[in-house]
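Remarks on the overall topology
Listed here are the chains, written in short residue letters.
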Amino acid sequence: MGVPLAWHIYDAQGARILNKGDVIQSHEDLNRLFAKGIYGRRDRVLEKTELATHSTVLSALGDIEEGLEEWFRQLLGEKSPLAEEELFALTRTLTTLCDRHPDQMLRWIHFDKCHRYVISHAIHMAIVVALISKRIEMPDPNRQSLIAAAFTANVSMIEIQQELNAQTTPLSESQIQLIEQHPERSADLLRQAEVSDDDWLEIVLLHHEKIDGTGYPLGLSGEDLSLSARLVALADAYTHVLR
């Protein structure tokens, strides 16, 4: 969805209804197509179950996007923020998707162009750390804290991120200061929302530290940096260049 189709799409009677290169623009359009019964073809006919799986993944990602946006809205607004457990519910959903459909999830972060950056970047970061942490067999409790931190590492930047993305002039001193303070500010926002998971909070605080001590905000180096903080830093940098 949101990128050119890699193959033609046919209905159950074999009539072509979309051409290779066409773009499905929305979840609603995709669901309407599946309701008709659709088939894809490259060098073979794709099974209907493969397309159904693709639809299920996209639907679940849509639910994560909506849930994360609401969590951020309440965190930054006047209403009481949603509970820590609400965010962990999203991490568990994402974990399941990454464990069951790793190739589709990795492809999605490379081609997703449909959602505003502050939400999509958070989800892309979470997908990367979910995939890596699965590969290195990280224990599940640590993994959930890691994914939660990836979702929320840049939460204090939400209100200015769109402006920064559109800016064509060099950053001002005040903007540089805001950027360098955002790990501390994000951790503070989470504490104010009564997040009590120490690993989650520490990863958010340290995700811009560098192994050589040139990062921020604390200038830590070497063994002072946890693997989880380094993974979120990697995911942040990697997914940023894909936007």
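Residues numbered from 1 in each chain as written. Predicted model: local features only at pLDDT ≥ 70, side-chain atom pairs only at ≥ 80, totals over all residues. Heavy atoms only, no water.

From N to C terminus, the protein chain includes 10 helices and 3 strands. Listed by position from the N terminus, the elements making up the protein chain come as β-β-α-β-α-α-α-α-α-α-α-α-α. For the protein chain, with 243 residues in total, the buried portion stands at 44%. Across the protein chain, the fraction of contacts at a sequence separation of at least 24, relative to all contacts at a separation of at least 6, is 62%. (Helix = DSSP H or I, 4+ residues; strand = E, 2+ residues; numbered from the N terminus. Buried < 20%, exposed > 50% of the residue type's maximum accessible area, 1.4 Å probe, protein only. Contact = heavy atoms within 4.5 Å.)

Turning our eyes to something else, we now look at the pattern of salt bridges. Summed over the entire model, instances satisfying the criterion amount to 4 salt bridges. Among the salt bridges present, the one from Asp-188 reaches Arg-191, with a minimum N-O distance of 3.0 Å. Here Arg-191 and Asp-188 lie together in helix H8 (residues 173–192), a separation of 3 residues that amounts to about one turn. Judged by its relative accessible area of 37%, Asp-188 is partly exposed. Residue Arg-191 is classed as partly exposed on the basis of its relative accessible area of 42%. (Salt bridge = Lys/Arg side-chain N within 4 Å of Asp/Glu carboxyl O.)

What follows deals with the packing of aromatic side chains. Under the definition given, this model contains 2 aromatic pairs. When the centroid spacing of 5.3 Å and the interplanar angle of 70° are considered together, the rings of Phe-88 and Trp-200 count as edge-to-face. In this pair, Phe-88 sits in helix H3 (residues 84–100) while Trp-200 sits in helix H9 (residues 198–206), placing the two residues 112 residues apart along the sequence. Note on accessibility: Phe-88 and Trp-200 belong to one class, buried. An aromatic cluster is defined as three or more aromatic residues linked by ring pairs; in this entry it consists of Trp-71, Phe-88 and Trp-200. (Phe/Tyr/Trp six-rings, centres within 6.5 Å; stacked < 30°, edge-to-face > 60°.)

Turning to the environment of Trp-200, a few remarks are in order. The class for Trp-200 is buried, based on a relative accessible area of 0%. C-alpha separation for the pair Trp-200 and Asn-142, spaced 58 residues apart in sequence, amounts to 8.7 Å. With residues up to four places along the chain from it excluded, the contact list for Trp-200 reads Trp-71, Glu-84, Leu-87, Phe-88, Ser-145, Ala-148, Ala-149, Thr-152, Leu-190 and Val-195.

What follows is about a nonpolar patch on the surface. Together, Leu-106, Tyr-238 and Val-241 give the surface a local cluster of nonpolar side chains, amounting to about 270 Å² of exposed area. Looking at where Leu-106 falls in the secondary structure, it is placed in helix H4 (residues 102–111). (Patch = residues over 30% accessible without salt bridge, like charges linked within 9 Å, V, L, I, M, F, W, Y side chains within 5 Å. Areas by Shrake-Rupley, 256 points an atom, 1.4 Å probe, with all protein chains shown as cover.)

Take the packing of H8 against H9 next. Their axes nearest at 7 Å, the elements H8 and H9 cross at an angle of 155°. The pairing of H8 with H9 is recorded here as roughly antiparallel in orientation. Crossing of H8 over H9 shows right-handed handedness. In contact with Pro-183, Glu-184, Ser-186, Ala-187, Leu-190 and Arg-191 of H8, H9 contributes Trp-200, Leu-201, Val-204 and Leu-205. Classifying every residue of the contact of H8 with H9 by side-chain character gives 7 nonpolar, 1 polar and 2 charged. (Axes fitted to C-alpha atoms, helices over the stretch in contact; angles between N-to-C directions. Parallel < 35°, antiparallel > 145°, perpendicular 65-115°, else oblique. Left-handed = near helix turned anticlockwise from the far one by under 90°. Nonpolar A, V, L, I, M, F, W, Y, C, P; charged D, E, K, R; others polar.)

On to unusual backbone geometry. Between Tyr-216 and the following residue, Pro-217, the backbone shows a cis peptide bond with an omega angle of 10°. With respect to the helices, strands and loops of the structure, Pro-217 is situated in the loop between H9 and helix H10 (227–240). You will see that Glu-137, though not glycine, has its phi angle at about 60°, which is positive. Locating Glu-137 in the fold gives a position in the loop between helix H5 (117–135) and helix H6 (140–152). Taking relative accessible area as the criterion, Glu-137 reaches 68% and is therefore assigned exposed. The residue Glu-194 is not glycine, and still its phi comes out positive at about 70°.

Another aspect to go through is the confidence of the model for the protein chain. Summing up the model confidence of the protein chain, the mean pLDDT is 83 and the portion of residues at 70 or higher is 79%. In the predicted structure, residues 41–49 sits below a pLDDT of 50 and forms 12 contacts with residues beyond four places in sequence or in another chain. (pLDDT = per-residue confidence, 0-100.)

With that settled, consider the side chain of Glu-84. Relative to the assigned elements, Glu-84 resides in helix H3. Despite its burial, Glu-84 remains without a salt bridge, the nearest opposite charge being carried by Arg-92 at 9.0 Å. A polar contact of 2.6 Å, which involves the side chain of Glu-84, links it to the backbone nitrogen of Ser-196. Apart from the residues lying within four places of it in its own chain, the contact partners of Glu-84 are Glu-194, Val-195, Ser-196, Asp-197 and Trp-200. (Lys, Arg positive; Asp, Glu negative; His and termini not counted. Polar contact = N/O pair within 3.5 Å; in protein donor to acceptor, adjacent residues only side chain to side chain.)

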